[in-house]
Every structure is written in structure tokens, then in C-alpha cells.
There are 2 protein chains.
Amino acid sequence: MPRGNCQGQGWWHGKFRGCGYRLTEGREAILDILAKSEGHLSAEDIYMKVHPKYPNVGLTTIYRTLDVLSGLGMVYKLDFGDGRARYELAEGPKGAHHHHHLVCTDCNKVIDYTDFIDEEVELLRETEKGLGKKYNFKITNHVIQFYGLCGKCSGKK
Amino acid sequence: MPRGNCQGQGWWHGKFRGCGYRLTEGREAILDILAKSEGHLSAEDIYMKVHPKYPNVGLTTIYRTLDVLSGLGMVYKLDFGDGRARYELAEGPKGAHHHHHLVCTDCNKVIDYTDFIDEEVELLRETEKGLGKKYNFKITNHVIQFYGLCGKCSGKK
DNA sequence: TTAGTAATGGAAATCATTTTCAATAAGCTT
DNA sequence: AAGCTTATTGAAAATGATTTCCATTACTAA
């Protein structure tokens, strides 16, 4: 039962089982919500959405599951600076929806953007390669985020 | 006494006073520590360093001051994913030490790097301009951070 | 000096996230 | 299908960083 670096491919069940994790009702429910919500959900958001259908899944399990998922690279844990972590499903098998975030520091609104992604991906590739070699780092992830004021907040009183 | 967007230039005293903030012993002490420590200090780290010399400066004041400083753009508030915020002085008048972070997700070691900054700055400039226009966002800041395993941790058991 | 208000610290309060622990359930083995 | 091993669970309690309260102190300007 390998438990460490299980970054293989395959979806859902396979990924879980292959790493020695058990596939439980609660975990599937959480994955389900994440998949259909397309948002940036906090642990509690998820709890709220899971609870009606699975009243016996507790907040603790949500946190634990998110931890596992993020460890497996299936979920990104995000920080928008408002004191609670947000989670979103990592892009599916296709790597389809690669995007980054634009955060309003006033109202906390978050915009997903996909502009400039090509140039960015290019830079990231180079940077990761360069940094990895220079600092002997095995880079697994990155965060790019812009902060500022959205139209509404920038035109406030 | 304007209190809002005080992003003018000028250093220290001027910046403070100009925004209606008072320059107190505690605030200077904190700025001092940040200036000479060149690190990524947590509120408590700062408290520890300030306390010997100014035993009457409390943790609460540290937090409050860091909040003000970060609001003024004099300090960056960073999140390395270990549950406590870190702070570092924004680059001085010169914009000299622009850098980003490489974070080991295992031992939490943080490396500051300045490689690829030129290309990056170029991309950022474009991105900020493009996003700002498209989403009507007034971008004030950004975060770029890479996560991975440092040499030591990647070669662990 | 005096009034008006910013700033302070210590204690208490918040609040997201973790830990503890006994009970339960998954998935392998037979 | 039944047993067995061990991952998983929920509820309650613990944790720990950050905030809030509030009465006191210290600037600043007139």
C-alpha cells in the first residue's frame, strides 16, 4: 500500500485506490460538489452543500478529505487573504481550465482569468526548469495571483 | 487628515504623517526590525525581536502596525501555507530587491529568487494592463510563488 | 493649557482548523 | 459470506493565530 508520492494519472477511483485510500461515500460526495460547483469553496461552503444529502458527513471529514485530495494533487488549496482557505478541483484529465485569480482586496470578489495564459505558461516552464536546477528544487505547483480593486470598489466613496 | 488611498511616495516619517498616522516608538521599532532582518517574519517573530528593547510594545500593537503598514504598501503580507502570516518590507525607494518565493511544502524552507525577473516583469506589465482594462480592475499587487520539495526533502525516505 | 482623537496593551473573544478517541466501515483474505 | 486488519469517521474538545474590547495614555493642533 504505497502512500507517498502518488501523482499518477487515472481518475477518481483509480487514483484513490491506487494510493491505498478508501473510497467512501463522504469523499465521493465532496468530490461531486467540487466538480459541479466550479467555484472557490471554503470547507464550510462544501459542508453546507454536502450536508442536505449526506447529513452524516461532518465538517471534520470535509477538512480531512480536502487535505488528502490536495495531497494527491486533485484539489488546489487557495488563499485569498480572508482568513479561510478555498478549494477548487484541479483541472481534469485534460488540463483544460488552467486559470488564475484576480482578487479585489476590498470586497473579496474573485475573477478567474485565462488571458495571457500562453505567455505565462511559457515563462513558467522556463522558470520552473531554471529554478529547479539552480536551487535543486522539485517544483510541483505555483500560484499567480493579482490583487487590486474591482470597478465597484475602486469607484467607492 | 486623509486616511484612504495614501500610496504616495516618500519614506517613513513623511509617509506616515502625511496619511494622518502618528509615528510612535513602537511603530519605528517594528519598521526597524523589518528593515534589518531581511526575512519573512511572523508577527510573533517580530514581537520577539522588538520586545527586549521595547518591553512595553505588545503583540496587539505588532498586528495593528503590520496592518497599517501593509495598507500603506510599505509591507507585504505573505502566506506560505503554514497557518501564520509572514511580513517583509516592500522594496525600498528604489524597487531594488524585487523577488519571489520558492517554498518547500515539506520543511517550509523559503528561498528568495530573483531569476527570470526581467521576463517576468515584462509579462506582468502586460498582464496587469490587459486585465486591468478587460475586467476594470485597478491592480495594485501580485503574488507569484512556486511550491515544491527542496533538495533535502525530495531525497528523504 | 485644553480639547479632540489616535494609539496602546492586556485580557477576553473569535473562529478556522486540528486533535483526540472510541465506534464504524472498506476492502482484502479466506 | 465471514473474518480480519486498518483506514475512516463524527462529535466534542483543543489549538493557535488574529481581533476585539475597553479603559488609559500620548500626540497634535488651536
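Definitions and cut-offs
Position numbers for residues start from 1 in each chain and track the written sequence from start to end. Each chain takes a letter, starting from A, and each ligand takes a number, starting from 1, following the order in which they are written. The model is predicted, so local features are restricted to residues of pLDDT at least 70 and side-chain atom pairs to those at 80 or more, both for listing and for counting; the totals for chains, interfaces and linings are taken over all residues. Heavy atoms from the whole structure form the basis of all side-chain values; hydrogens and water molecules are not counted. Least-squares superposition aligns the copies on the C-alpha atoms of those residues with pLDDT at or above 70 in both. The contact rule is simple, with two residues in contact once any of their heavy atoms fall within 4.5 Å. Think of it this way: one heavy atom of a residue within 4 Å of a molecule or strand is enough to make that residue near it. Side-chain atoms alone can form a polar contact between residues adjacent in sequence; in general such a contact is a pair of N or O atoms within 3.5 Å, and within protein one must be able to donate a hydrogen while the other accepts it. Only DSSP runs of H or I reaching four residues or more are called helices, and only runs of E reaching two or more are called strands; each is numbered from the N terminus. Three classes are used, and their members are as follows: Ala, Val, Leu, Ile, Met, Phe, Trp, Tyr, Cys and Pro are nonpolar, Asp, Glu, Lys and Arg are charged, and the others, Gly among them, are polar. Each residue is placed in one exposure class: buried if its accessible area under a 1.4 Å probe, protein chains only, is under 20% of its type's maximum, exposed if it is over 50%, and partly exposed if it falls in between. Following DSSP output, two strands are said to pair if at least two bridges run between them.

**Description of the relation of the copies chain B and chain A**
Rotating chain B by 180° about the axis while translating it 0.0 Å along that axis superimposes it on chain A, leaving an RMSD of 0.1 Å. On the angle and the small slide along the axis, the relation comes out as a two-fold axis. Closest approach to the rotation axis among the C-alpha atoms of chain B is made by I144 of chain B, whose C-alpha sits 2.3 Å away. The share of interface residues of chain B whose copies in chain A are also at the interface is 100%, consistent with both copies meeting through the same surface.

**What about the protein's contact with DNA strand D?**
Surrounding DNA strand D, one finds 19 residues, the nearest of these being R27, N56 and T61 of chain A together with Y63 and R84 of chain B. The share of sugar and phosphate among atoms of DNA strand D within 4 Å of the protein is 64%. Interatomic distance of 3.1 Å between a backbone N/O atom of G58 of chain A and a phosphate oxygen of DNA strand D. Between R64 of chain A and DNA strand D, the recorded distance is 2.6 Å, taken from a side-chain N or O atom to a base nitrogen. Every element with two or more residues in the surface near DNA strand D is listed here: α4 (59–71) of chain A together with α4 (59–71) of chain B. For the surface near DNA strand D, a count of residues per class yields four nonpolar, seven polar and eight charged.

**Notes on the protein's contact with DNA strand C**
Neighbouring DNA strand C are 20 residues; Y63 and R84 of chain A together with N56, T61 and R64 of chain B lie closest to it. The sugar-phosphate share of atoms of DNA strand C within 4 Å of the protein amounts to 69%. One of the side-chain nitrogen or oxygen atoms of T24 of chain B is found 2.9 Å away from a phosphate oxygen of DNA strand C. Secondary structure elements with two or more residues in the surface near DNA strand C: α4 of chain A together with α4 of chain B.

**Re the pairing of strand β5 (residues 110–113) of chain A**
Residues and elements named next belong to chain A. Residue alternation in β5 divides its side chains into a buried set, I111 and Y113, and an unburied set, V110 and D112. Sheet topology note: the strand β4 (residues 100–104)/β5 ladder contains four bridges and is antiparallel. Each residue of the ladder has a partner; that of V103, found in β5, is V110. Counted between consecutive antiparallel strands, the loop separating β4 from β5 contains five residues, among which N108 sits at a positive phi close to 65°.

**Here's the deal with the sheet that holds strand β1 (residues 41–42) of chain A**
Residue and element names in this part refer to chain A. Taken in spatial order, the three strands make up an open sheet running β1-β3-β2, and their pairing is antiparallel. Sheet topology places β1 and β2 (75–79) at the edges, where each strand pairs with a single neighbour. The pairing of β1 with strand β3 (residues 85–89) spans two bridges and is classified as antiparallel. Considered in β3, the bridge of L41 is made with Y87.

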